[in-house]
Every structure is written in structure tokens, then in C-alpha cells.
Number of protein chains: 2
Amino acid sequence: MHSSNLIGSVIAVVSSVFIGLSFIIKKKGLQLARVNGPSASVGGYGYLLQPLWWLGMITMFVGEAANFVAYVYAPAVLVTPLGALSIIVSAVLAHFLLKEKLQKMGVLGCLLCIVGSIIIVLHAPEEMSLTSVQQIWKLAIQPAFLSYTASAIAVVLILVFYCTPRYGQTNILVYIGICSVVGSLTVMSTKAIGIAIKLSFEGANQAFYFQTWIFAVFGIICIVVQLNYLNMALDNFNTAVVSPIYYALFTAFTILASAIMFKDYYGQSISSIVSALCGFITVLSGTIVLHSTREPDPPSNADLYTPLSPGVSWYIQGREETKFLITSECEMKA
Amino acid sequence: MHSSNLIGSVIAVVSSVFIGLSFIIKKKGLQLARVNGPSASVGGYGYLLQPLWWLGMITMFVGEAANFVAYVYAPAVLVTPLGALSIIVSAVLAHFLLKEKLQKMGVLGCLLCIVGSIIIVLHAPEEMSLTSVQQIWKLAIQPAFLSYTASAIAVVLILVFYCTPRYGQTNILVYIGICSVVGSLTVMSTKAIGIAIKLSFEGANQAFYFQTWIFAVFGIICIVVQLNYLNMALDNFNTAVVSPIYYALFTAFTILASAIMFKDYYGQSISSIVSALCGFITVLSGTIVLHSTREPDPPSNADLYTPLSPGVSWYIQGREETKFLITSECEMKA
């Protein structure tokens, strides 16, 4: 295992712990806000007066920042699959702090996620060291990756303009497909921006290069599209079904994009590649086992367990609070 | 992956396919014997007139022989865990041929067993090449392995004479513990005998060495003890619970014994060892998921899915037929 990968893995795991923890703290904060009648009734923003809710926000911010930093140090093929660990942290903490009972099969699901993650970490390829944004730009405009980007955009356009109006409400793969394909481009842009910031801090200011700004604008567009369709997927389908499929497709497309752009698997042994693939399947199976045995929650709470790409949890959290407050108000009126 | 390991793995997989297949063929034969009234009523031995039953016996014999040969070519730490594949073959064939519906989680369990097995195979250590039984004898009487054997026998004696009368009927670990600890010694003896036969075939007759006969006698005693207590475990506890625990303990003790005797992991990287361990946990989880979702069968059929050590399935099959016929007769009388 390479030292840069080790740093990236540790940061990614820490990030997952913070993100998983933040879900629990914020949920606890929302529960307190609901119990505390007067504050909940003040225009529905009672949770803003809850210190716990703010602590949750800070925890999540730290987690997302750590996730961003992890992408700078380790290849996306390593960091993205480790995102599943936040599901475990949430499930385990919910068991102890929120008394949401984790069943035996849930424990098995967690174990599988951990075991699979270990295999992925052990067999992740080493990333080439990058010294400027221009170098990343060169990788991004190589014919193979341009073809990937063009194909990805074409697929997304077909899904958005042809499939969404026809099958969007009935076929779960339409919305999740859009999120996952766009998500792979989000991660690549995020990584470029992260490396640019790191290099700038080290003294080689990258803000002067127009390429940095192209990555930034492209990244923001991707995040907005991804968030929008993830939202639509969660609104239309059960989270227990959305989560594993989204995790699988998002991770798969990210690995594909990263493999093409950074040639991650060049020079890797077949044994390593197959092992990493087996680890990925193990984590995926773990998320399915974990979700299949969870007690059915109200949709707003279930959303909390979606494995998320960088930045995406912000949005979900926002939705969650709105839903929660709507539910609370309905309950109070009823 | 080393060529000798590759041969051993392929033979072990073929062995699992045959053993898994034999369960299905024999069950089909027993079903036909039951449908065919006259033959089933002739003293309860109607199945002996069923060609399918005999085909099943031959298939099982081929499978057990292949398992024996696999131990000659590859280390026990590789061959033993692969035994879980026969569970998959049985489950999948039962789905298609016996119409015993395999549920979604069952498919996931199968997938986990396969993925875990691949990881184990990829990270199995290479075995030292052995040229005579005397060399194996030297390995067996090295202080570390003698200590293991002495401890194993002591633990078994405590379990048999102290724990069995007190907790045997209530604590599942007593019988399974005996089977698993003795099983690890069975495998070591089996391996020694297998290598002796292979060397004899190659021209270096090993029957002249008294060590060969010690291994043979010790191996037979171990098999008898193991069969006896496996039988008692299956009689007292649910197969769905016995199977995964037995698989886990039996494989764990076999790996431990093999690691001590053959120094399997000497010179292996930490990464390989951890990967193999993760693969083992994945297979174990797969067997739990697979068993947890199977429709409850009558006990006699459930027994068919136990992952077995060399030779053990013979005995179980015998029990199964007896039970089956008793059940049939009861049903006919009722």
C-alpha cells in the first residue's frame, strides 16, 4: 500500500465517520426541535435554535471537506467506494443513540461493507503524482477521456430528453442513470479543483490558468444536475432500492472515468484488479443486505442513509429538514 | 497465482460441482422412489432400484475423490474454504431442477460465496513441494505442530468428557467444536495420505514407511470421531444454524493447523494474508445469507446443504436416506 493512498484512505474513512455522525446529530437535533413545541412553531425554523442541529451541520461540513481532501491524495477508485462506510456509521450510531434497532442481518451487512472496503483499499492502484492543473487538463483532453465525456453527455441528454418524460416515473434506472453518469464527471472535476487548491497552497498558484476555471464551472454544473436528479429519484422511489443501485452505478462510472483519465489500472496485476472488483461487489452486497433488513422508516429519515458523492449530502439534508417540518406540522394539525 | 495452486483450485471447484450435483441427483432419485409406490414399500430399500440414485452415488464418489486429489495439489487453506461452493451448486440446481425457489437474498448469498472464493484463491500462499512422507512426518513432529495436536486433543477430550454431558444438548458450540478441531487433524492426515499415494504412483512407493500407516490410522480415527459428532450436532440443532458455524470453525481450524504445519504464510505479504482473511469472512457471510433465506425444509433435506469435509458427505447421505424413508413411511401410514 502506497503512502499517498494510505493518507487518502484514512481521510476518506474519517470523512465517512463525520458524515455518518452528522446524520445522527442532526436527526437528534430535529427530534429535540419537534419535542420543544414553542420553537418548532415559530415559522417552522425552530431547529435553527437547536445547538445540536448546528453541531450536526458543522460535523457534516468537516466530513465533506475531508472527503474533498481525500480525493486530492488518493485515486477516485479508492475514495468513492469508501463512501459506503458512512452508511455503517449511521446504522451503528442509530442503533446506540437513536435506539433504531440494528438487526443481525444489518450487522452482517456492515461487516460485508467493512471487509469489502479493506479489500478495495489493499488493491487500489497508485496514482501518478500531478504537479499542475495543465497536466490534469492534458489528461482530460486526451482522446480516450474526451470520448468518455462526449458519450456520457450524449447518454445523459438521451436520458433527460427522451427517457425521463416516457419512463422516468416507472423505471428507476432513468434518474439514477443520469445521477451516476454525471456524478462520475463531478468527481473528476472535484479532483482537478482539489489538486489545484493544494498546489496553490504549496506556492504554485493555479488560479491564473483558465483550465482551473473551466474545471470549476463544469464541476458546478455537474453537481447541480446530479443533485436535481438524485432528488427526483428519491422522490419517486424507495430509498432502500435507490441507495444500493445508486452506490453501484455511481461507483462503477467513477471507477471507469478515473481508469480512463488517470490510467489507474495501467501496470496493475490482473490479481489486483480482480480483487478490487470482488471488494466492490462485496461492499455493494453489504449495502443491499443492510438496507433489506432496516425497519421501514418514514421517507424523510430513510433518505439520510443514501451514500453520497461530495457535496450531495448538503442538498439531501436540506430536503430532509423541509420534509420533516412538513410532517411535523401535519401531525400537529391532525 | 502458482500453477500447482491453479490445478488444485480447479480440481476443488470441480469437486464442489460434483458434490453439489450429487445431492440433487440423489434427492431426485429418492423422490422417484417415493412416487413409485411398490418399490418404496419393499422393505424401505426401493431407492436401490432407482438408476438416478446410483448415478448420484457415482457423482458423489467422483466429487469426493476430486476433493482428495485437490488436497494433494494445493494447500488446505485454499481447498477447504472452496468447499462452500458445493452449497451454491446445490442451491442453484435445486432452483432449476427441484423447483425449490431461490430467493433474491439467496442469489446474493451465492454471489458472496463466489466473490469470497475468488479472493481466497487469488491470495492463497504457494505450498512447499514435498518429495516423501518422511518429509511430511518431519513437519508433523516439529514442536509447534505437536503442540497444536496436543492442544487439539486436550480440547477435544475436555469437550467430550466434561462439556458434552453438561452442555451438549443446549450449547451448539460443543459438538461443532469437536467436529471442527478434529476436522483440522483429519484434513492434515488426508493430505499426507494423498501425497503418499501420489508419490507411490510416481514410482517412489511410500507404503514401506511406517509413517504412512500412522497417518492412515490417525486419519481414520479422526474421520470417525468427526462424523459421529457432526451427526449429533445435526440431530440436536437446526442445519441452517449448524452449517455456517461448522463451516466457519472447521475452515478456521484447518487454516490454523495448515499454517502451523506447512508454514503457509511464511513470507506472504500482510496484504495477501488480510485479503485472504477478508475473502474467508465474505464466504462465511454468503453462507449465512444463503441459509437465512432458504425456505424451511424437512430436516432430512436441509442436511443436504452442509458444507462437508472429505468423506463426511457419505455419512450424511446415509442418514438422509434413512430419515427420508422413515418420513415417507410415516406419511404413507398417516
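Placed above this text is the structure.
What this report covers is the structure whose coordinates are included nearby. (Residues numbered from 1 in each chain as written. Chains lettered and ligands numbered in written order. Predicted model: local features only at pLDDT ≥ 70, side-chain atom pairs only at ≥ 80, totals over all residues. Heavy atoms only, no water.)

At leucine 159 of chain A, helix H8 (residues 143-167) of chain A shows its maximal kink, close to 35°. For H8 of chain A, the full list of buried residues reads Phe145, Tyr148, Thr149, Ala152, Val156, Leu159, Val160, Cys163 and Thr164 of chain A. (Bend = angle between axes of the 7 residues up to and from the residue. Helix = DSSP H or I, 4+ residues; strand = E, 2+ residues; numbered from the N terminus. Buried < 20%, exposed > 50% of the residue type's maximum accessible area, 1.4 Å probe, protein only.)

The next thing to look at is helix H9 (residues 172-201) of chain B. Residues and elements named next belong to chain B. The end-to-end C-alpha distance of H9 is 43 Å, a good match for the 44 Å that 30 residues give at a rise of 1.5 Å each. Counting buried residues along H9, 24 of its 30 residues qualify, which places the element largely inside the surrounding structure. N-cap assignment for H9: the residue whose side-chain oxygen lies 2.9 Å from the backbone N of leucine 173 is asparagine 171. Following H9 by one or two positions, glycine 203 adopts a phi angle in the positive range, close to 115°. (Expected span 1.5 Å × (residues − 1). Polar contact = N/O pair within 3.5 Å; in protein donor to acceptor, adjacent residues only side chain to side chain.)

Where two aromatic rings form a pair, the distance of their centres and the angle of their planes describe that pair. Under the defined criterion, the tally for this structure stands at 14 aromatic pairs over all chains. Arranged with centres 6.2 Å apart and planes meeting at 40°, the rings of tyrosine 247 of chain B and phenylalanine 280 of chain B form a pair that is tilted. With a gap of 33 residues between them, tyrosine 247 of chain B in helix H11 (residues 239-262) and phenylalanine 280 of chain B in helix H12 (residues 270-292) connect regions that are remote in the sequence. Every member of this aromatic cluster is reached through a ring pair, and the members are Trp137, Phe210 and Phe215 of chain A. The aromatic ring of tyrosine 162 of chain A is capped on one face by arginine 166 of chain A, whose charged end is 4.0 Å from the ring centroid. Across the ring face of tyrosine 73 of chain B, the terminal group of lysine 198 of chain B is positioned such that the distance to the ring centre comes to 5.1 Å. (Phe/Tyr/Trp six-rings, centres within 6.5 Å; stacked < 30°, edge-to-face > 60°. Lys NZ or Arg CZ within 6 Å of the ring centre and 35° of its normal.)

Quick look at the environment of isoleucine 220 of chain A now. Residues and elements named next belong to chain A. Tracing the sequence through the fold places isoleucine 220 in helix H10 (residues 210-236). According to the relative accessible area criterion, isoleucine 220 is exposed, its value standing at 54%. Sequence-wise, isoleucine 220 and threonine 186 are 34 residues apart; in three dimensions their C-alpha atoms are separated by 7.9 Å.

Residue and element names in this part refer to chain B. On the surface, Ile153, Leu157, Phe161 and Phe218 cluster together to form a nonpolar patch covering roughly 380 Å² of accessible area. Broken down by element, the residue count for the nonpolar patch peaks at 3 residues, all from helix H8 (residues 143-167). Inspection of the secondary structure puts isoleucine 153 in helix H8. (Patch = residues over 30% accessible without salt bridge, like charges linked within 9 Å, V, L, I, M, F, W, Y side chains within 5 Å. Areas by Shrake-Rupley, 256 points an atom, 1.4 Å probe, with all protein chains shown as cover. Salt bridge = Lys/Arg side-chain N within 4 Å of Asp/Glu carboxyl O.)

This part is about the relation of the copies chain A and chain B. You can overlay chain A on chain B at an RMSD of 0.0 Å; the transform is a turn of 180° with a shift of 0.0 Å along its axis. Overall, the copies show the geometry of a two-fold rotation axis. Taking C-alpha positions as the reference, the residue of chain A nearest the rotation axis is threonine 282 of chain A, at 3.6 Å. Mapped onto chain B, 100% of the interface residues of chain A are again interface residues, and the two copies thus contact each other with one and the same surface. (Least-squares fit on C-alpha atoms with pLDDT ≥ 70 in both. Contact = heavy atoms within 4.5 Å.)

Moving on: unusual backbone geometry. The phi dihedral of lysine 263 of chain A falls on the positive side, at around 50°, and the residue is not glycine. Residue lysine 263 of chain A is classed as partly exposed on the basis of its relative accessible area of 40%.

What follows covers the interface of chain A and chain B. Across the boundary between the two partners, chain A contributes 19 residues, which contact 19 residues of chain B. Carbon and sulfur atoms make up 83% of the surface buried where chain A meets chain B, a total of about 1600 Å² over both sides. In this assembly, chain A and chain B are joined by 3 residue pairs in polar contact (both at pLDDT 80 or more). Those elements giving two or more residues to the side of chain A that touches chain B turn out to be helix H6 (104-122) and helix H12 (270-292) of chain A. With 10 residues, H12 of chain A is the largest single contributor of residues to the side of chain A that touches chain B. Along the lines of polarity and charge, the residues of the side of chain A that touches chain B split into 13 nonpolar, 6 polar and no charged. (Buried area = accessible area lost by both parts, 1.4 Å probe. Nonpolar A, V, L, I, M, F, W, Y, C, P; charged D, E, K, R; others polar.)

No statement about biological role is implied by the geometric values presented.
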